Amino acid sequence: DGGITQSPKYLFRKEGQNVTLSCEQNLNHDAMYWYRQDPGQGLRLIYYSQIVNDFQKGDIAEGYSVSREKKESFPLTVTSAQKNPTAFYLCASSIVSGWSTDTQYFGPGTRLTVL
Amino acid sequence: AQKITQTQPGMFVQEKEAVTLDCTYDTSDQSYGLFWYKQPSSGEMIFLIYQGSYDEQNATEGRYSLNFQKARKSANLVISASQLGDSAMYFCAMSSESGGYQKVTFGTGTKLQVIP
């Protein structure tokens, strides 16, 4: 069964801690994305990656970092520099062909709460 | 800049009836894609349907159809024969090429509740 997995489902962080959210896909997709969703809002892009060892900042990258050492994996670290990290985080992936036609498929999400 | 507008924060529909969820978009790009996603209370975003800007026919996927009116810049989602399991948030999204990658802009969503 192909798909995208994210772990953990729920994550609690204390002030000043870094935490890492996992995202793995077995769809053989080249592109992977991280989004943040706040209550009552749409999704906002944090980081994206089109190939291994390369990634780019999205609209709200401050306080976050990523790595792409393997095609299947795109972990997101929420650093202590992120002032308001409590949110729902969604990982997505897509093929890379015609830009406007590539459908992004999403994982189940991680809900991060700062204590 | 791209923008997606969903003007209906919440909608109610009777089970087995059809419902239309509105979506308007703004872009200066000639080539773009329009998507609808469903987000149940579990949180996962589920892809429903896609329409390309050059597609002349409206997209359909089972009970879902996309009413694409290019001149009006609208891409409304029509759900026929609503089911209780259709209760969820629905997001309209638009994609286009931006600086060498696929930029997707999401609307703020419409909460659909299906009434038995």
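Values in this document were obtained by computation on a predicted structure and should not be read as measured data.

Caption draft 1: Local environment of the overall build of chain A. For chain A, the count of helices and strands is 0 helices and 11 strands. Secondary structure of chain A in N-to-C order comes out as β-β-β-β-β-β-β-β-β-β-β. The C-alpha radius of gyration computed for chain A amounts to 13 Å, which stays within 12% of the reference 13 Å derived for 115 residues, consistent with globular compactness. For chain A, the spread of C-alpha atoms along the principal axes amounts to about 40 × 30 × 30 Å. In chain A, buried positions account for 50% of the 115 residues. Intrachain contacts of chain A at a sequence separation of at least 6 include 53% that bridge at least 24 residues. Between the averaged position of the 11 positive side-chain charges in chain A and that of its 11 negative side-chain charges there is a distance of 8 Å.

Caption draft 2: How the structure looks around the layout of surface pockets. Of the voids in this model, the largest pocket is the one considered here, and its volume is about 320 Å³. At the level of elements, strand S9 (87-94) of chain A together with strand S10 (88-98) of chain B are the ones that each hand at least two residues to the lining of the largest pocket. No other element matches the 3 residues that S10(B) contributes to the lining of the largest pocket. Here the residues of the lining of the largest pocket sort into 7 nonpolar, 8 polar and 3 charged.

Caption draft 3: Spatial organisation of the sheet that holds strand S1 (residues 4-7) of chain A. Residue and element names in this part refer to chain A. The antiparallel open sheet is built from 4 strands, whose spatial order is S1-S3-S8-S7. Each edge of the sheet is formed by a strand with only one pairing partner; in this case those strands are S1 and strand S7 (64-66). Adjacent strand axes in the sheet meet at a mean angle of 20°, parallel and antiparallel pairs treated alike. One ladder, built from 3 bridges, connects strand S3 (residues 19-25) with strand S8 (residues 76-78); its direction is antiparallel. When the bridges of S8 are listed, Thr 20 appears paired with Thr 77.

Caption draft 4: How the structure looks around unusual backbone geometry. Cis geometry marks the peptide bond from A:Ser7 to A:Pro8; its omega dihedral reads -10°. Note on placement: A:Pro8 falls in the loop between S1 and strand S2 (10-13). The backbone phi angle of A:Asn28 is positive, close to 60°, even though this residue is not glycine. Along the polypeptide, A:Asn28 turns up in the loop between S3 and strand S4 (31-37). A:Asn28 gets classed as exposed once you look at its relative accessible area, which sits at 57%. Within the chain, B:Lys16 stands out as a residue other than glycine whose phi angle is a positive 80°. Look at B:Lys16 and you get exposed, because its relative accessible area is 68%.

Caption draft 5: The pairing of S9(A), seen in detail. All names here are of chain A. In terms of residue burial, S9 counts as a mostly covered element, since 8 of its 8 residues are buried. Judged by which residues are buried, S9 turns out to be covered on both faces: Ala 87, Tyr 89, Cys 91 and Ser 93 on one side and Phe 88, Leu 90, Ala 92 and Ser 94 on the other are all buried. Note that S9 and strand S11 (residues 110-114) share 3 bridges and pair antiparallel. The residue bridging Phe 88 from the neighbouring strand is Arg 111, located in S11. Relative to strand S10 (residues 105-106), S9 runs antiparallel, the two being bridged by 2 bridges.

Reading the values: rules and limits
Residues numbered from 1 in each chain as written. Chains lettered and ligands numbered in written order. Predicted model: local features only at pLDDT ≥ 70, side-chain atom pairs only at ≥ 80, totals over all residues. Heavy atoms only, no water. Helix = DSSP H or I, 4+ residues; strand = E, 2+ residues; numbered from the N terminus. Rg over C-alpha atoms; globule rule 2.2 N^0.38 Å. Buried < 20%, exposed > 50% of the residue type's maximum accessible area, 1.4 Å probe, protein only. Contact = heavy atoms within 4.5 Å. Lys, Arg positive; Asp, Glu negative; His and termini not counted. Charge placed at Lys NZ, Arg CZ, Asp CG, Glu CD. 1 Å grid on protein atoms, 1.4 Å probe; cavity = no way out; pocket = protein on both sides within 12 Å on 5 of 7 lines; lining within 4 Å. Points joined across faces, edges and corners; volume = space filled by probe spheres on them. Nonpolar A, V, L, I, M, F, W, Y, C, P; charged D, E, K, R; others polar. Pairing = 2+ DSSP bridges. Axes fitted to C-alpha atoms, helices over the stretch in contact; angles between N-to-C directions.

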